[in-house]
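Working through the structure, step by step
Each chain, letter by letter, is given below.
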Amino acid sequence: DAMVIQNPRYQVTQFGKPVTLSCSQTLNHNVMYWYQQKSSQAPKLLFHYYDKDFNNEADTPDNFQSRRPNTSFCFLDIRSPGLGDAAMYLCATSRDQTVEQFFGPGTRLTVL
Amino acid sequence: GESVGLHLPTLSVQEGDNSIINCAYSNSASDYFIWYKQESGKGPQFIIDIRSNMDKRQGQRVTVLLNKTVKHLSLQIAATQPGDSAVYFCAEKRVSGGSNYKLTFGKGTLLTVNP
């Protein structure tokens, strides 16, 4: 089945230690998104790739970076995680910018 | 800040009853409104959308109503089942710089279906 896969599902890191979260998709969608979702809150868009074009949200901290080496993969890099970065990180894809986005199961990040 | 919000954070219904989840929005320029369902431990899942020039749209057991006069959106679920238990988010499609669009999600309503 076509899907969005996120690895790992749970990630524990130390304060200030860089961490990378991974997302892959078999849907062949050209747009990939990264959202941050804190407990009991709505998903908040961090940035997205439209094909190879990177689009950062204005309020996304510089601490968050992303890479998309090819259509199928996208990475979220947190350069120096703080305690406030503990959250669920959701990857999503879409064909162009349709309203139907396909989400992965998320990676829950814990910062110690 | 967010311009899509929900009236009730929780909703509890009996299995077989109809459910209505409400949402208020403030951005009149949004051209689409969308409902997503998020089950525990999973990512959000698209349910249904409605274009801003429509008042009503029906799907399988779900209906979305849009009242632009009062900037109100609702999701109606017919014959609610235990599998409908989840957090429901309304979202709007907005311009995000240039020709890019993004979804802005509201806070979510937790729907609990009692057997």
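The sections below set out a description of the structure shown in this document. All figures in this text were calculated on a predicted structure; none of them were measured in a lab.

**Topic: the pairing of strand β7 (residues 62-67) of chain B**
It is a general feature of regular strands that their side chains alternate between the two faces of the sheet. Residue and element names in this part refer to chain B. In this sheet, β7 lies alongside strand β6 (residues 56-58) in antiparallel orientation, the contact comprising three bridges. Each residue of the ladder has a partner; that of Q58, found in β7, is T63. Between β6 and β7, which pair antiparallel one after the other, the connecting turn spans three residues, and R61 there sits at a positive phi close to 65°. In the sheet, β7 pairs with strand β8 (residues 72-77) via six bridges, with the strands oriented antiparallel. Its bridge partner lying in β8, L65 is registered against S74. Between the end of β7 and the start of β8, which pair antiparallel, lie four residues, with K71 showing a positive phi angle near 55°.

**Looking at the sheet that holds strand β3 (residues 19-25) of chain A**
Residue and element names in this part refer to chain A. The sheet built from four strands is open, its strands ordered β1-β3-β8-β7 with antiparallel pairing. A single partner strand is all that each edge strand has here, and the edge strands are β1 (4-7) and β7 (64-67). Each adjacent strand pair in this sheet contributes to an overall mean axis angle of 20°, direction not counted. Sheet analysis places β3 next to strand β8 (residues 73-78), joined by six bridges and oriented antiparallel. Its bridge partner lying in β8, S22 is registered against F75.

**Let's talk about the interface of chain B and chain A**
The interface is formed by 22 residues belonging to chain B together with 20 residues belonging to chain A. Taken together, both faces of the contact between chain B and chain A bury some 1,500 Å²; the carbon and sulfur share is 53%. Seen at the junction of chain B and chain A, the total is one salt bridge. Of the charged contacts in the structure, one is a salt bridge between K102(B) and E57(A), with a shortest N-O distance of 2.8 Å. The interface formed by chain B and chain A contains seven residue pairs in polar contact (both at pLDDT 80 or more).

**Structural notes on empty space enclosed by the protein**
Under the defined criterion, the tally for this structure stands at two cavities of 30 Å³ or more. When its volume is computed, the second largest cavity comes out at roughly 40 Å³. Forming the boundary of the second largest cavity are Y33(A), Q97(A), T98(A), V99(A), Q101(A), K93(B), Y101(B), K102(B) and L103(B). Counting residues per element, the lining of the second largest cavity draws most heavily on strand β10 (residues 101-105) of chain B, at three residues. Here the residues of the lining of the second largest cavity sort into four nonpolar, three polar and two charged.

**Here's the deal with the environment of I47(B)**
All names here are of chain B. Turning to its location among the elements, I47 is positioned in strand β5 (residues 45-51). C-alpha of I47 to C-alpha of Y88: the two residues are 41 residues apart in sequence and 9.4 Å apart in space. Excluding its chain neighbours within four sequence positions, the residues that come into contact with I47 are W35, Y36, K37, V62, L75 and Y88.

Analysis parameters
- Residues numbered from 1 in each chain as written.
- Chains lettered and ligands numbered in written order.
- Predicted model: local features only at pLDDT ≥ 70, side-chain atom pairs only at ≥ 80, totals over all residues.
- Heavy atoms only, no water.
- Pairing = 2+ DSSP bridges.
- Helix = DSSP H or I, 4+ residues; strand = E, 2+ residues; numbered from the N terminus.
- Axes fitted to C-alpha atoms, helices over the stretch in contact; angles between N-to-C directions.
- Contact = heavy atoms within 4.5 Å.
- Buried area = accessible area lost by both parts, 1.4 Å probe.
- Salt bridge = Lys/Arg side-chain N within 4 Å of Asp/Glu carboxyl O.
- Polar contact = N/O pair within 3.5 Å; in protein donor to acceptor, adjacent residues only side chain to side chain.
- 1 Å grid on protein atoms, 1.4 Å probe; cavity = no way out; pocket = protein on both sides within 12 Å on 5 of 7 lines; lining within 4 Å.
- Points joined across faces, edges and corners; volume = space filled by probe spheres on them.
- Nonpolar A, V, L, I, M, F, W, Y, C, P; charged D, E, K, R; others polar.

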